[in-house]
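Listed below, chain by chain, are the residues.
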Amino acid sequence: MSGTSNLRLALLGAPNCGKSSLFNALTGGKAKVANYPGVTVEYRKGDFELPSGQAVELLDLPGVYGNCGHSMDERVAIDAVRGNLEGERAPDGLIFMMDASHINTHLHNVLQAKNYGLPIVLVLNMMDMAARDGITIDLPALERELGIPVISCVAVRASGRAMLLDHLEDWGGDVLFGSAAKPELEGDVLKDLQAKARSITRNAVTRVERTETYSQRIDKFVLHPILGLVILFGILFVMFQAVYTWSGPAMDLIETGIGLLQQGAAAILPEGLITSLVVDGMIAGVGAVLVFLPQIIILFAFILLLEASGYMARAAFLVDSLMAKVGLNGRAFIPLLSSFACAIPGVMSARTIENERDRLTTIMIAPLMTCAARWPVYFLIIGAFIPQAKVGPFSQQGLVAFGLVLIGVIFALIMAAIFKRTLTRGEASGLLIELPSYKTPVFKDYVVGLYDRGMIFVSRAGRIILPASVIIWVLATFPTKLNGIGGTWAGKIGGVIEPVLRPIGFNLEIAISLIPAMAAREVAVSSLATIYSIAEEDADAKLSTLISSQWSLPTALAFLAWFIFAPQCLSTFAIIKKETNSWKWPLFAFGYLFVLAYVAAGVTFHSATAFGL
Amino acid sequence: MEPIENLRLTDLKKNESALIIGFSAEEGDLTTRLREIGFAEGDNVTPLHFGLFGRNPMSVRLNGAQIAIRKQDAKAVLVRRDEIGAAE
């Protein structure tokens, strides 16, 4: 990639100024766009062409306010610009992007960026919104005062980008031939830069003070200390209702498809072991997880919408009051939010927390967030045991799912409070985020984001579930399955741990499924599918039908309770080991989560039994 | 510049506008962060919203932007009540 003819530009700017949007629009790329600070922790690369056909390699960097690099994500951006990233040469020029409405607050960041000494152009994005907010910018005056080219644009519109590309054409050519003007350095005393920036805006920017922007009007309700929490709660509630009420037809379709595939495979393949491997092992195992794709898509459709609209930062503000109360760092919100997708990026993004004790607290509770891998387990058990009936206008299944997530969050807060009083004492600070103005999500960015999330789920099915299903099929078939599961290797292995799990209501099949589920939680579902599929003569009997006839309700509830807490993901503990650089913390996390899971499952099983469920 | 009356951002009431006159931790790491996100001497700042517990965190209006900040960090921002509007 070190071809000298390739122009290399980096996109720099504050969080939420529209960098990723521009990146997606120019490159047709895959960077996720989110209206929440700190989403692009890694940088992304993509290619596009200037009107002349000149190839450009574009870097999309995490949002930064200045050039001090307080946290990990900020340092990534700064290292990329300075050429300090391993295997990456420094960019030839910088595109500094700024939300035009924020020119008064952020202009000193441009002066800071001039200090990198690279050719730089300022792109003022969302000029239309700035105009609506009563801000008028004198572009020639701004160019004169800053001493660098200034381009106005609306990144999400093709017409807005055309002008940008025309400007970049000339500038890019100059950068490529080394004839672009290098900015004059500005010195590094932040206070002086701010003073200079303020004097520039006085000359080049006029702002008519509006009594109230429409974001402010919405925030009167959304950020209200009590009403705001009610709204947040309501949104999450609707989200879980939708996951259940909207997903039915799509799931039926996938289930029918998998059934047809199994019948087709059974018809084509010769009778015997091969058929069993393909039908009971591979298709049953992978299919059991893939069937939840519609629910995953609906879930992320909501989450991405909340991010892109600007609501997620408000949610952070509302929840922060509670987080501060239990002693969590304000920056813990991003890692904990990412942990709802997967604890691994969550644990890694805890790097943005500078205070070591606060970082450890966050890492310890991250596995309690309901990660995507838990959903197949929850969906299976809820679908099999909770009636589709409604409680008032609400789906009973949605209520249970909401409850499971809530229990995870409540215990995370309780554990954080305990850790802060014992292991990781000290006052926590550090929220300091900008609340972006509300925006209508860009359709293209939204679709790209949703597609990415869906593909992550599907590719896990190929990488993890498929091999795991083959292994569990082998174990559940040999040496002999004549006497049922008990005679197989899987039965023997399961038999060893089953006595430990029997007191909390688990049966042999569950015990067997929990072992491969150490690789990933959803493997519990694919393993159960394979185990029951081998045992059953009726090849395409639905897994949920099978377990609902063979498990008692207390067992099913105990299984759910187990998965709220269970430390069933070795990769999580591997990443905790890596991030804390010691065995102490991963072992401690594993231990406390195991105890919680065991006790929760036991209490659930015995109280459900006592209530005669 | 010495603060005339020792007022902090956390002392302001909801919708009460004030002028930033300095930072208590002069040019430390917290001050750098506050400056980078946009707090500067001479700027107008107005608390708009408070969190449920102990009025923490708070969200303030600053030069047309809205910033969420915890009490502990907001204490570092020194302000002067701004009765007649910005002097400049």
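Small disclaimer: the values here were computed from a predicted structure and weren't measured.

1. Observations regarding the sheet that holds strand S4 (residues 58-62) of chain B
An order of S11(A)-S5(B)-S4(B)-S3(B)-S2(B)-S6(B)-S1(B) is seen for the 7 strands of this open sheet, with the pairing classed as antiparallel. Two strands in the sheet have a free side with no partner beyond their single neighbour: strand S11 (433-434) of chain A together with strand S1 (7-8) of chain B. Judged from the 2 bridges that link them, S1(B) and strand S6 (residues 77-81) of chain B form a sheet pairing that is antiparallel. Looking across to S6(B), one finds that Arg8(B) is bridged to Leu78(B).

2. Here we look at the interface of chain A and chain B
Listed as interface residues are 47 residues of chain A and, on the opposing side, 36 residues of chain B. Between chain A and chain B, a total of about 3500 Å² is buried, with carbon and sulfur atoms accounting for 54% of that surface. Together, His70(A), Phe317(A) and Leu432(A) form the three largest contributors to the area buried by chain A at its contact with chain B, with a combined 19%. Our count for the contact surface shared by chain A and chain B stands at 3 salt bridges. Here Glu41(B) and Lys191(A) are joined by a salt bridge, their closest N and O atoms 3.9 Å apart. If you look at where chain A meets chain B, you find 16 residue pairs in polar contact (both at pLDDT 80 or more). If you list the elements that add at least two residues to the side of chain A that touches chain B, you get helix H3 (103-114), helix H7 (190-204), helix H8 (214-222), helix H13 (311-325) and S11 of chain A. Ranked by residue count, the leading element in the side of chain A that touches chain B is H13(A), at 8 residues. Of the residues assigned to the side of chain A that touches chain B, the class counts are 17 nonpolar, 18 polar and 12 charged.

3. Description of the pattern of salt bridges
This structure, assessed with the given rule, holds 13 salt bridges over all chains. Arg89(A) is the salt-bridge partner of Asp92(A), the closest N and O atoms lying 3.1 Å from each other. Among the residues examined, Arg89(A) registers a relative accessible area of 31% and is labelled partly exposed. Across the salt bridge formed by Arg502(A) and Glu498(A), the nearest N and O atoms sit 2.9 Å from each other. Beyond isolated ion pairs, a larger network of salt bridges with shared partners links Lys191(A), Arg35(B) and Glu41(B).

How each quantity is defined
- In this numbering scheme, every chain counts its residues from 1 along its sequence in written order.
- A letter from A marks each chain and a number from 1 marks each ligand, given out in the order of writing.
- Predicted model: local features are reported for residues with pLDDT of at least 70 only, side-chain atom pairs are reported and counted for 80 or more only, and whole-chain, interface and lining totals are derived from all residues.
- Derived side-chain values reflect all non-hydrogen atoms in the structure, with water molecules and hydrogen atoms excluded from consideration.
- Pairing between strands is defined by DSSP: at least two bridges between the two strands are required.
- Only DSSP runs of H or I reaching four residues or more are called helices, and only runs of E reaching two or more are called strands; each is numbered from the N terminus.
- Contacts: residue pairs with any heavy atoms within 4.5 Å of one another.
- For any pair of parts, buried area is found by adding up, for both, the accessible area (1.4 Å probe) each one loses once the two are put together.
- By convention in these notes, a salt bridge is any Lys or Arg side-chain nitrogen within 4 Å of a carboxyl oxygen on Asp or Glu.
- Two N or O atoms count as a polar contact when they lie within 3.5 Å, although within protein this holds only if one can serve as hydrogen donor and the other as acceptor, and sequence-adjacent residues are included solely when both atoms are side-chain atoms.
- Amino acid classes used here: Ala, Val, Leu, Ile, Met, Phe, Trp, Tyr, Cys and Pro are nonpolar; Asp, Glu, Lys and Arg are charged; the rest, including Gly, are polar.
- The classification of residues rests on relative accessible area computed with a 1.4 Å probe and restricted to protein chains. Under 20% of the type maximum is buried, over 50% is exposed, and intermediate values are partly exposed.

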